[in-house]
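# Structural characterization, general
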Amino acid sequence: MSRLLVCPPDYFSIDYEINPWMRLSNAVDPERARAQWHGLMRALEEETGVFLERMQPVPGLPDMVFTANAGVVVGNRAVPSRFRHPERQREERYFEDWFRDHGYEVALLENGLYFEGAGDLLGFPDAWFGGYRQRSDIRAYARLSEIFGREIIPLELVDGRFYHLDTCFCPFSGGDLLYYPPAFDPYAQAVIEDRIEKPRRFVVPTSEALRFACNAVCVGKHIALPEGCPETMALLEARGYETHPLPLDEFMKAGGSAKCLTLALD
Ligand code: ARG
């Protein structure tokens, strides 16, 4: 059974602006946020059958709901994130403690080597990709390659709205990839085309990329994604996936959606 780390949105709000989606004037509706978060959790538990590990939220850390940024976990090893923005650096020790308390062998990156976890490191069993420039530092991937003994292909992110790799790049269980090419520099686009063969690569339309179509959670044949992405859904269904569209717009106020709210633990 797959396990996902999640954190309830008890203290979720917009307290600062660290990406172009966040506006202090665009306040979160806490009731709606809670209902949307529980809706996603219900879909994941009931439709996909994953096991959810819930961590304790911390007052004053409004972005802690986005556990994709806790770090990255492979087998028994965890590398906690090193956030670029001081606002989120305060989350680091809680994620690190969670990994240690749950028996993970924790490897730490040196201070100042920014890396924002599974928000920026994604891939297939045979090829890992690391987003850099907006948040994570390209140098982190050399170190992570050493720690995990895997090749990591760095991809430069050039559009501030797609600041984490998981906002514009979504690998699926069947080896398929959903992505939004304009979020990448031309060299990264060429690398993706070279590494993922054409029949497995699917481009999302701009209107749906801007609704975070790529920020989907894939468990086996099931895909939970933000609602309002009909073209993406049609494309996925044609590939044999079962789609679960969900209202998650409260989280888009912070620049996040389904995938950001989860961290794969295996
Ligand atoms: N407000 C958060 C930030 O800017 C959102 C993080 C979304 N996480 C993600 N994996 N894309 O850091």
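Analysis parameters
- Residues numbered from 1 in each chain as written.
- Predicted model: local features only at pLDDT ≥ 70, side-chain atom pairs only at ≥ 80, totals over all residues.
- Heavy atoms only, no water.
- Helix = DSSP H or I, 4+ residues; strand = E, 2+ residues; numbered from the N terminus.
- Rg over C-alpha atoms; globule rule 2.2 N^0.38 Å.
- Buried < 20%, exposed > 50% of the residue type's maximum accessible area, 1.4 Å probe, protein only.
- Contact = heavy atoms within 4.5 Å.
- Lys, Arg positive; Asp, Glu negative; His and termini not counted.
- Charge placed at Lys NZ, Arg CZ, Asp CG, Glu CD.
- 1 Å grid on protein atoms, 1.4 Å probe; cavity = no way out; pocket = protein on both sides within 12 Å on 5 of 7 lines; lining within 4 Å.
- Points joined across faces, edges and corners; volume = space filled by probe spheres on them.
- Nonpolar A, V, L, I, M, F, W, Y, C, P; charged D, E, K, R; others polar.
- Pairing = 2+ DSSP bridges.
- Axes fitted to C-alpha atoms, helices over the stretch in contact; angles between N-to-C directions.

### Quick look at the overall build of the protein chain
For the protein chain, the helix and strand inventory stands at eight helices and 15 strands. Its C-alpha atoms give the protein chain a radius of gyration of 17 Å, within 12% of the compact-globule value 18 Å for 266 residues. Taken along the three principal axes of its C-alpha coordinates, the protein chain extends 45 × 40 × 40 Å. A total of 266 residues make up the protein chain; the buried ones form 59% of that total. Within the protein chain, contacts between residues separated by at least 24 positions form 69% of all contacts whose residues are at least 6 apart in sequence. Separation between the mean location of the 28 positive side-chain charges and that of the 40 negative ones in the protein chain comes to 2 Å.

### Description of the layout of surface pockets
Using a probe with the size of a water molecule, rolled over the atoms, empty space left in the structure can be pinpointed. Its volume calculated, the largest pocket comes out at about 890 Å³. What lines the largest pocket is a set of 30 residues, and nearest its centre among them are Leu122, Gly123, Cys218, Ala264 and Asp266. Taken together, the elements giving at least two residues each to the lining of the largest pocket come down to strand E1 (3–6), strand E3 (71–74), strand E6 (121–124), strand E9 (169–171), strand E12 (217–219) and strand E15 (263–264). Among the elements that make up the lining of the largest pocket, the one with the highest residue count is E6 (four residues). Residue composition of the lining of the largest pocket, grouped by class: 20 nonpolar, five polar and five charged.

### Remarks on empty space enclosed by the protein
Under the criterion given, the structure shown has two cavities of 30 Å³ or more. Put simply, the largest cavity is a space of about 80 Å³. Along the wall of the largest cavity there are 14 residues; nearest its centre are Asn19, Phe66, Arg88, Tyr163 and Ala254. A class-by-class count of the residues in the lining of the largest cavity yields six nonpolar, five polar and three charged. There is about 40 Å³ of room inside the second largest cavity. Around the second largest cavity, the lining residues are Pro8, Tyr11, Phe12, Pro57, Val58, Leu61, Pro62, Met64 and Val65.

### Focus: the sheet that holds E1
Spatially, E2-E1-E15 is the arrangement adopted by the three strands of the open sheet, whose pairing is mixed. Taken across any chain shown, the strands that pair with only one partner, and hence form the sheet edges, are strand E2 (51–54) and E15. Bridge count between E1 and E2: four bridges; the pairing is parallel. In the sheet register, valine 6 faces E2, and the bridge partner there is arginine 54. Lying over the sheet, helix H1 (residues 30–48) contacts E1 and E2, oriented at roughly 140° with respect to E2.

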